[in-house]
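Geometric and topological summary
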Amino acid sequence: MERYLGSFKFRSEFRPTTLRLATLILCMLAMPVPAATGQDNSRDYILWYRNYDSPAIRALVELALNKTSEYGDFTLIRSEELSQGRVLRELNDGQSRLVDIANVATSDERENFLTAVPIPVDGGLLGFRVCVVLPESLPLFEGIHNLQDLQQSNIRIGQGSHWPDTPVLQANGIPVITHSRYEILFGMLRNKRFECFARGVSEVMYDLEIEQDPDLLIEPNLLIAYPMPSYLFVGPQDQQTAHRLQLGLERAIHDGSFGQFLKTYYGRAIEALDLDKRFLITLENPFLSEESRYVGRQTLNNLRRRLDILSR
């Protein structure tokens, strides 16, 4: 389907996502919090290293925790360098406590065995993808304006083997080459194992700043979009941390600091990537829960408004 971003219409109101979100909020309101008794209520939170090293995600977690001082002081700690699949297993197991909090894209499966804080950490931008490419691959993308063009181009997309994006791309008929480690994928791109490393709008600028490789470019004309909310996740038994993060994010939304966070950390990328000038290729995501499908659909419907706000 070929269409420019200007054809979208958007709504400005914020709506609760689902019954699950409403239930979690009620639990937060009813949950007793530590009283100011003079005892030490501080806690260490181990954040997945990929999130800790990301200035945006680390700042958001700190924002949520700082908004909930009634839970006590906190220290944020960098986890060991674990793959995404290992992190999810450790969160679910909860015995070794190698990680307490991780921000990853959601799926129905992940929401079933972990506890999600169902607010998209980047305002929903993770589901909007651009291609990191080598200069010599740019001609391969010329003339691609829609999904059929992309399918027929034989362009291979690199993704993590445990990322929920991988089955989404495959379900839409796009060849995918995978590896379990994010860092290895950049080397695979350099070695021409695939032509496009699809990265989220909210993360690609940071990626390239870290890589510092002049031979890695952002393809200028395509924007691949699919519903893919990115949540904070904790273990299934760690309800207090889930409640604290949820309450902190709700307060940040209410007082405007969440909107300022989005503008601070993602506004530059929105402007630099010229998203409103790209061809939009929309994919279906059949792997979301009902509530996340709603969140993802609202994100797609509100893309123009998000771009306008963040690029001011």
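Worth saying up front: this structure is predicted, and the values here are computed from it rather than measured. (Residues numbered from 1 in each chain as written. Predicted model: local features only at pLDDT ≥ 70, side-chain atom pairs only at ≥ 80, totals over all residues. Heavy atoms only, no water.)

This part takes up the overall build of the protein chain. Counting its regular elements, the protein chain contains 13 helices and twelve strands. Looking at the protein chain as a whole, 54% of its 312 residues are labelled buried. Across the protein chain, contacts joining residues at least 24 apart in sequence account for 81% of those joining residues at least 6 apart. In the structure as shown, the protein chain presents an accessible area of about 14100 Å², 49% of it carried by carbon and sulfur atoms. (Helix = DSSP H or I, 4+ residues; strand = E, 2+ residues; numbered from the N terminus. Buried < 20%, exposed > 50% of the residue type's maximum accessible area, 1.4 Å probe, protein only. Contact = heavy atoms within 4.5 Å. Areas by Shrake-Rupley, 256 points an atom, 1.4 Å probe, with all protein chains shown as cover.)

Turning next to the packing of aromatic side chains. In the structure shown here, the tally under the stated rule is nine aromatic pairs. Their ring planes at 45° and their centres at 6.3 Å tell us that Tyr-231 and Phe-233 sit as a pair that is tilted. Of the residues examined, Phe-233 reaches a relative accessible area of 0% and is grouped as buried. Taken together, the ring pairs in this structure connect Trp-163, Tyr-182, Phe-186, Phe-194 and Phe-197 into an aromatic cluster. Here the guanidinium or amino end of Arg-50 rests over the ring plane of Tyr-182, the centre of that ring lying 3.9 Å away. Looking at Arg-58, its charged tip hangs above the ring of Tyr-52, at a distance of 4.0 Å from the centre. (Phe/Tyr/Trp six-rings, centres within 6.5 Å; stacked < 30°, edge-to-face > 60°. Lys NZ or Arg CZ within 6 Å of the ring centre and 35° of its normal.)

A few words now on the nonpolar core. With 51 residues, the main nonpolar core has Val-61, Ile-101, Phe-197, Leu-232, Leu-245 and Phe-261 as its most contacted residues. Of the residues forming this core, the biggest block, eight residues, is contributed by helix H3 (residues 55-66). Discounting chain neighbours no more than four positions away, the residues touching Phe-197 are Val-130, Cys-131, Val-132, Gly-158, Gln-159, Trp-163, Tyr-182, Leu-185, Phe-186 and Leu-189. Residues Val-168, Ile-174, Leu-222 and Phe-279 belong to the second largest nonpolar core, which totals 23 residues. (Core = buried A, V, L, I, M, F, W, Y, C linked by side-chain atoms within 4.5 Å.)

It is worth spelling out the pairing of strand E6 (residues 157-160) at this point. Burial of the side chains of E6 extends over both faces: Ile-157 and Gln-159 are buried on one face and Gly-158 and Gly-160 on the other. In terms of strand pairing, E6 meets strand E7 (residues 176-179) through four bridges, oriented parallel. Bridge pairing links Gly-160 to His-179 in E7. Where the polypeptide runs from E6 across helix H7 (residues 165-171) and back to E7, its parallel neighbour, the crossover connection is right-handed. Where E6 and strand E8 (residues 196-200) come together, two bridges link them in parallel fashion. Across the sheet, the residue bridging to Ile-157 is Cys-196, located in E8. (Pairing = 2+ DSSP bridges. Right-handed = clockwise from strand over helix to strand, strands pointing away.)

Within the fold, Asp-122 resides in the loop between strand E4 (115-117) and strand E5 (128-133). Asp-122 sits in the buried class, given a relative accessible area of 3%. Residues Asp-122 and Leu-262, 140 residues apart in the sequence, show an inter-C-alpha distance of 6.5 Å. The residues contacting Asp-122, other than those within four sequence positions of it, are Ser-202, Leu-262 and Tyr-266. Of the polar contacts made by the side chain of Asp-122, one reaches the backbone nitrogen of Gly-124; its length is 3.0 Å. Side-chain polar atoms of Asp-122 contact the side chain of Ser-202, separated by 2.7 Å. (Polar contact = N/O pair within 3.5 Å; in protein donor to acceptor, adjacent residues only side chain to side chain.)

Attention shifts here to the packing of H3 against helix H10 (residues 239-255). Two numbers describe how H3 lies on H10: the axes approach to 7 Å, and their chain directions differ by 95°. Of the possible angle classes, the one that applies to H3 and H10 is roughly perpendicular. Across the interface between the two elements, Leu-60, Val-61, Leu-63, Ala-64 and Leu-65 of H3 pack against Arg-244, Leu-245, Gly-248, Leu-249 and Ala-252 of H10. Its residues assigned to classes, the contact of H3 with H10 comprises eight nonpolar, one polar and one charged. (Axes fitted to C-alpha atoms, helices over the stretch in contact; angles between N-to-C directions. Parallel < 35°, antiparallel > 145°, perpendicular 65-115°, else oblique. Nonpolar A, V, L, I, M, F, W, Y, C, P; charged D, E, K, R; others polar.)

In the contact formed by H3 and helix H11 (residues 257-273), the axes pass within 10 Å of each other and the chain directions differ by 165°. With respect to H11, the element H3 is oriented roughly antiparallel. By crossing handedness, the relation of H3 to H11 is classed as right-handed. Where H3 abuts H11, its residues Pro-55, Ala-56, Ile-57, Ala-59, Leu-60 and Leu-63 lie against Ser-257, Phe-258, Phe-261, Tyr-265 and Tyr-266. Of the residues in the contact of H3 with H11, the class split is ten nonpolar, one polar and no charged. (Left-handed = near helix turned anticlockwise from the far one by under 90°.)

Let us look at the confidence of the model for the protein chain. Confidence along the protein chain averages 85 in pLDDT terms, with 81% of residues attaining 70 or more. At the low end of the mean pLDDT range in the protein chain sits helix H1 (residues 19-30), at 40; at the high end sits strand E2 (residues 74-78), at 98. When the criterion is pLDDT under 50, residues 1-38 qualifies, and its contacts beyond four places in sequence or with other chains add up to 69 contacts. (pLDDT = per-residue confidence, 0-100.)

On to the pattern of salt bridges, then. All told, the structure shown has 20 salt bridges when counted by the stated rule. When the shortest N-O distance is used, the salt bridge between Arg-97 and Asp-100 registers 2.8 Å. For the salt bridge of Glu-211 with Arg-190, the shortest nitrogen-to-oxygen distance reads 2.7 Å. Residue Glu-211 is located in helix H9 (residues 204-211), and its partner Arg-190 is located in helix H8 (residues 182-190); the two are separated by 21 residues in the primary sequence. Among the charged side chains, a salt-bridge network with shared partners connects Arg-129, Asp-165, Arg-199, Glu-203 and Asp-207. (Salt bridge = Lys/Arg side-chain N within 4 Å of Asp/Glu carboxyl O.)

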